[in-house]
Amino acid sequence: MRTDKKQAILDAALALFTEQGYHATSTASIAKAAGVATGTLFHHFASKDALLAELFLTVKQELAVEMQAGLKPESGLRHNAHHVWQTGMQWALNNPQKQLFFQQFCMSPALSPEIRKMAMEEVLGFLGDLLQQGQQAGEIADFPVDLMLENCHGQFLAATRFFLDNPARWQQPQYQAAAFQQFWQSIAPIHN
């Protein structure tokens, strides 16, 4: 269970990391913004790197829970992929600061490869399961699943960046449909 102080530290870190960047944000400034002593920050997080890692995984988990809600395995991969895509896009637009955080840190060297791997394999592991099920059913291309996950993640980041910069476009059905279709085409079976 999170303490209020720990959550305040995470919230302050989110705001400061997205506004100032990781390297320009000191632990003292995070503690001050959270209204806690610097020692309290270090009681909850061993280092700024540990704070960044937990923040990244926590926000990624929030997105994953949102995307998993309402999945219907019996409905087939395309239906579930559309659900995950739409839900994820809407989450990003409803949480612009958290999505901006992802934009800045998903590929950042400030996050260790182990944390990025944990986010993709454990937190978003259900997506890999969906892709494998789709491959077994012949619904999508038989590419390596880990590579497909990274490609899907990259497309999600690109689309969310576009819609965060152009929020009115998200309200236009042709843009929503085109964004999903571009995503779907990247995993659809290859027909010669």
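Residues numbered from 1 in each chain as written. Predicted model: local features only at pLDDT ≥ 70, side-chain atom pairs only at ≥ 80, totals over all residues. Heavy atoms only, no water.

- The protein appears in an unreviewed UniProt entry as TetR/AcrR family transcriptional regulator from Shewanella submarina.

1. Overview of the overall build of the protein
In step 1: Of regular secondary structure, the protein possesses 11 helices and zero strands.
In step 2: Starting at the N terminus and ending at the C terminus, the protein contains elements arranged as α-α-α-α-α-α-α-α-α-α-α.
In step 3: Taken along the three principal axes of its C-alpha coordinates, the protein extends 60 × 35 × 30 Å.
In step 4: Excluding contacts between residues fewer than 6 apart, the proportion of contacts in the protein whose partners are at least 24 apart in sequence is 70%.
In step 5: When the accessible surface of the protein is totalled, it reaches about 10000 Å², and 54% of it is carbon and sulfur.
In step 6: In the protein, the 13 positive side-chain charges and the 17 negative ones have mean positions that sit 8 Å from each other. (Helix = DSSP H or I, 4+ residues; strand = E, 2+ residues; numbered from the N terminus. Contact = heavy atoms within 4.5 Å. Areas by Shrake-Rupley, 256 points an atom, 1.4 Å probe, with all protein chains shown as cover. Lys, Arg positive; Asp, Glu negative; His and termini not counted. Charge placed at Lys NZ, Arg CZ, Asp CG, Glu CD.)

2. Quick look at a negative patch on the surface
In step 1: Together, Glu-121, Glu-122, Asp-146 and Glu-150 line one region of the surface with negative charge.
In step 2: Listing elements by their share of the negative patch, those giving two or more residues are helix 7 (113–123) and helix 9 (145–165).
In step 3: Within the secondary structure, Asp-146 sits in helix 9. (Patch = residues over 30% accessible without salt bridge, like charges linked within 9 Å, V, L, I, M, F, W, Y side chains within 5 Å. Salt bridge = Lys/Arg side-chain N within 4 Å of Asp/Glu carboxyl O.)

3. Details of the side chain of Lys-6
In step 1: On the secondary structure map, Lys-6 appears in helix 1 (residues 4–20).
In step 2: The buried category is assigned to Lys-6, whose relative accessible area is 18%. (Buried < 20%, exposed > 50% of the residue type's maximum accessible area, 1.4 Å probe, protein only.)

4. Some details on the side chain of Gln-135
In step 1: Structurally, the position occupied by Gln-135 is in helix 8 (residues 125–136).
In step 2: A relative accessible area of 18% places Gln-135 in the buried class.
In step 3: Ignoring sequence-local partners within four residues, the contact set of Gln-135 consists of Ile-140, Ala-141, Asp-142, Phe-143, Val-145 and Met-148.

5. Points about empty space enclosed by the protein
In step 1: With the rule as written, the count across this model stands at one cavity of 30 Å³ or more.
In step 2: Empty space within the largest cavity amounts to approximately 280 Å³.
In step 3: Secondary-structure elements contributing two or more residues to the lining of the largest cavity are helix 4 (48–68), helix 5 (77–94), helix 8, helix 9 and helix 11 (173–187).
In step 4: The class makeup of the residues in the lining of the largest cavity is 16 nonpolar, one polar and one charged. (1 Å grid on protein atoms, 1.4 Å probe; cavity = no way out; pocket = protein on both sides within 12 Å on 5 of 7 lines; lining within 4 Å. Points joined across faces, edges and corners; volume = space filled by probe spheres on them. Nonpolar A, V, L, I, M, F, W, Y, C, P; charged D, E, K, R; others polar.)

6. Observations regarding the packing of helix 9 against helix 11
In step 1: Viewed as axis vectors pointing N to C, helix 9 and helix 11 meet at an angle of 165°, and their least axial separation amounts to 10 Å. Compared by their axis directions, helix 9 and helix 11 come out roughly antiparallel. Handedness of the helix 9/helix 11 crossing: right-handed. Counted together, Met-148, Asn-151, Cys-152, Gln-155, Phe-162 and Phe-163 of helix 9 and Tyr-175, Ala-179, Gln-182, Phe-183, Ser-186 and Ile-187 of helix 11 form the full contact between these two elements.
In step 2: Grouping the amino acids of the contact of helix 9 with helix 11 by side-chain chemistry returns eight nonpolar, four polar and no charged. (Axes fitted to C-alpha atoms, helices over the stretch in contact; angles between N-to-C directions. Parallel < 35°, antiparallel > 145°, perpendicular 65-115°, else oblique. Left-handed = near helix turned anticlockwise from the far one by under 90°.)

7. Some remarks on helix 9
In step 1: The terminal C-alpha atoms of helix 9, which comprises 21 residues, lie 30 Å apart, in line with the 30 Å expected from a rise of 1.5 Å per residue.
In step 2: If you check which residues of helix 9 are buried, you get Val-145, Met-148, Leu-149, Cys-152, His-153, Phe-156, Leu-157, Ala-159, Thr-160 and Phe-163. (Expected span 1.5 Å × (residues − 1).)

8. Focus on the nonpolar core
In summary, soluble globular proteins display a tendency toward joint burial of nonpolar side chains.
In step 1: Formed by 62 residues in total, the largest nonpolar core has its most connected members in Phe-17, Ile-30, Phe-56, Phe-101 and Phe-102.
In step 2: Among the elements that take part in this core, helix 4 stands out by supplying 10 residues, more than any other.
In step 3: Excluding anything up to four places from it in sequence, Phe-102 contacts Phe-56, Val-59, Lys-60, Leu-63, Trp-91 and Leu-157. (Core = buried A, V, L, I, M, F, W, Y, C linked by side-chain atoms within 4.5 Å.)

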